[in-house]
Each structure stands twice: as structure tokens, then as C-alpha cells.
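For reference, the chains in residue letters:
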Amino acid sequence: AYPPAANLTDYQRTIDFERTEESIVIQEAMTFRDGREWAGGNQVDFHFMTQHVPAPGMEPGTITLAHPATGTARAVLEYPAAMDVLVTKIELEDPRFMASWGETIHRITISTALETDEPSADIPFMVRRSE
């Protein structure tokens, strides 16, 4: 499923919906062929798309997702605090997408470079209802 350039030998995603906790836990587990010493390690990027407006959360490793019209906090995205985050605002033009998503969506890219001696990674994410 992945080209040789991805350097992956195994990739598993596990998603658990915790109804009583009102949360979704996403576990990303990957194994690489080598540590890519020549590149300074394997780079991993995860993308989350949302119509809610992302802002830094109260704690390191959290992003608050607010309703686009009211600004009310709706959810919190939790990730390993040492990872880098980039938020990109995307203006939609396709009326079919706009009917479901509104005029704007946000792509949250959460990234890290693994150490060259790390042949695998197990990275957790959680989206939970805002308190």
C-alpha cells in the first residue's frame, strides 16, 4: 500500500470509540525498514481535517476545537506534546463540500522526526468532548 520511499514495513491504525468517555482514541503503530540515518530519521506526519476552529489548548499537547459560528469549545485533540503542529485554513469552493463542511475547513498537521535508532513508533491521539 505504501511506496518504497515511505520506508514502511508495517502500519496499523486502531480507532476506539469510548462512548461513556465521549472520546475517540486513535493509535498509530508503524515499523520502518531502517532509521534513515542519511535523512536524520523517519519523518511522520498525521493530518486531521475539521470544520471547527483549532487553537492551542490549555495544556501542552492539546488543541481546542471551537464551533466556527459561535466560538464555543466543542472538543479537544490530544497528541504527544513533543510533536510539531501546523494548522492550515482551507477555503472551500465546491458547493457539494460547502453544503456539509461550510465555507472553511482546517487541516491540522502533527509531525515528528523519529531518531535514527527508532525503527518503530506507537503514537496515540485522542479527541474528546470539551468540558
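Everything discussed here concerns the structure shown above.
Per-chain numbering applies: the sequence of each chain, read as written, is numbered from 1 onward. It should be noted that, the model being predicted, local features are given only for residues of pLDDT at least 70 and side-chain atom pairs only at 80 or more, the latter also being counted only at that level, while totals for whole chains, interfaces and linings use all residues. Only heavy atoms go into the side-chain values, all of them from the structure, while hydrogens and water stay out.

K.L.:
In this structure, what is going on with the sheet that holds strand 3 (residues 43-50)? I would like to understand it.
P.N.:
Strands pair in a sheet through their backbones, by hydrogen bonds, and they do so in one of two ways: parallel or antiparallel. Criterion used throughout: strands pair if DSSP finds at least two bridges between them. In this text, helices come from DSSP runs of H or I with a minimum length of four residues, and strands from runs of E with a minimum of two, each type numbered from the N-terminal end. On the basis of which strands lie adjacent, the open sheet formed by three strands has the order 3-8-7 and antiparallel pairing. Of all the strands in the sheet, just strand 3 and strand 7 (84-91) have a single pairing partner and so form its edges. Each strand of the sheet is rotated relative to its neighbour by a mean of 20°, with strand direction disregarded. Bridge count for strand 3 against strand 8 (residues 104-113) is eight bridges, and the pairing is antiparallel. For helices, the fitted line uses only the C-alpha atoms of the stretch in contact; every axis is such a line through C-alpha atoms, and the angle between N-to-C directions lies from 0 to 180 degrees.

K.L.:
What is the right way to look at a nonpolar patch on the surface in this model?
P.N.:
A residue counts toward a patch only above 30% relative accessible area and without a salt bridge, and it is joined to like-charged neighbours within 9 Å or, for Val, Leu, Ile, Met, Phe, Trp and Tyr, to nonpolar neighbours within 5 Å. Values of accessible area rely on a 1.4 Å probe in the Shrake-Rupley scheme; residue burial ignores everything except the protein chains shown. The term salt bridge refers to a side-chain nitrogen of Lys or Arg lying within 4 Å of a carboxyl oxygen of Asp or Glu. Together, I15, F17 and I24 make up an exposed nonpolar region whose accessible area comes to about 290 Å². Mapped onto the elements, I15 comes out in strand 1 (residues 8-18).

K.L.:
Would you mind going over the nonpolar core with me for this structure?
P.N.:
Taken as a class, soluble globular proteins show a tendency for nonpolar side chains to be buried jointly. Side-chain atoms within 4.5 Å link the members of a nonpolar core, which is a set of buried Ala, Val, Leu, Ile, Met, Phe, Trp, Tyr and Cys residues. Only protein chains enter the accessibility calculation, which uses a 1.4 Å probe; a residue whose area is less than 20% of its type maximum is buried, one above 50% is exposed, and one in between is partly exposed. F46, F48, I110 and F125 are the most contacted members of the largest nonpolar core, which has 19 residues in total. Only strand 2 (23-32), strand 3, strand 5 (62-66), strand 6 (73-78), strand 8 and strand 9 (120-129) provide two or more residues apiece to this core. The contact criterion used is simple: two residues touch if any of their non-hydrogen atoms lie within 4.5 Å. When residues no more than four places from it in sequence are discounted, the contact partners of F48 are I26, L77, H106, R107, I108, I110 and F125.

K.L.:
Got a minute to help me understand a negative patch on the surface in this structure?
P.N.:
Together, D34, E37, E115, D117 and E118 line one region of the surface with negative charge. Looking at the element boundaries, E115 is found in the loop between strand 8 and strand 9. The exposed category is assigned to E115, whose relative accessible area is 51%. Only four residue types enter the tally: Lys and Arg on the positive side, Asp and Glu on the negative side, with His and both chain ends excluded. In this description, the location of a charge corresponds to atom NZ of lysine, CZ of arginine, CG of aspartate or CD of glutamate.

K.L.:
Would you explain the environment of D122 in this entry?
P.N.:
Relative to the helices and strands, D122 resides in strand 9. Taking the C-alpha atoms as reference points, D122 and E22, separated by 100 residues in sequence, lie 23 Å from one another. Apart from the residues within four sequence positions on either side, D122 is in contact with Q27, E28 and A29. Identification of polar contacts relies on pairs of N or O atoms within 3.5 Å, with a donor-acceptor requirement for protein atoms, meaning one able to donate a hydrogen and the other able to accept it, and with residues adjacent in sequence counted only if both atoms are side-chain atoms. At 2.8 Å, the side chain of D122 forms a polar contact with the side chain of Q27.

K.L.:
Could you clarify how one ought to interpret the environment of L65 in this entry?
P.N.:
Looking at where L65 falls in the secondary structure, it is placed in strand 5. Between the C-alpha atom of L65 and that of F46, which follows or precedes it by 19 residues, the distance is 17 Å. Residues in contact with L65, not counting those within four places in the same chain, are T50, H52, V53, P54, T72, A73, R74, A75 and I108.

K.L.:
Where do I start with the pairing of strand 2 in this structure?
P.N.:
Within a regular strand, the side chains alternate between the two sheet faces. Relative to strand 2, strand 1 is paired through 10 bridges, and the arrangement is antiparallel. Considered in strand 2, the bridge of Y11 is made with M30. Turn length for the strand 1-strand 2 hairpin, with the two strands adjacent in sequence and antiparallel, is four residues, and the turn residue E22 shows positive phi of about 55°. Two strands pair when backbone bridges link them, and strand 2 and strand 9 are joined in this way by nine bridges, in the antiparallel orientation. Of the residues in strand 9, the one forming a bridge with A29 is D122.

K.L.:
What is the right way to read the packing of aromatic side chains from this model?
P.N.:
Each aromatic ring pair is described using two quantities: the centre-to-centre distance and the angle formed by the ring planes. Side-chain rings of Phe, Tyr and Trp (the six-membered ring for Trp) are treated as a pair once their centres are within 6.5 Å; stacked means planes under 30 degrees apart, edge-to-face means over 60, and tilted covers the remaining angles. Scanning the entire structure with this criterion turns up three aromatic pairs. With centroids separated by 5.8 Å and ring planes inclined at 45°, the aromatic side chains of Y2 and Y11 adopt a geometry described as tilted. Residue classification places Y11 among the partly exposed residues on the basis of a relative accessible area of 24%. For the ring pair F46 and F125, a centre distance of 5.1 Å and an interplane angle of 65° mean the geometry is edge-to-face. In this pair, F46 is assigned in strand 3 and F125 in strand 9, connecting sequence segments 79 residues apart.

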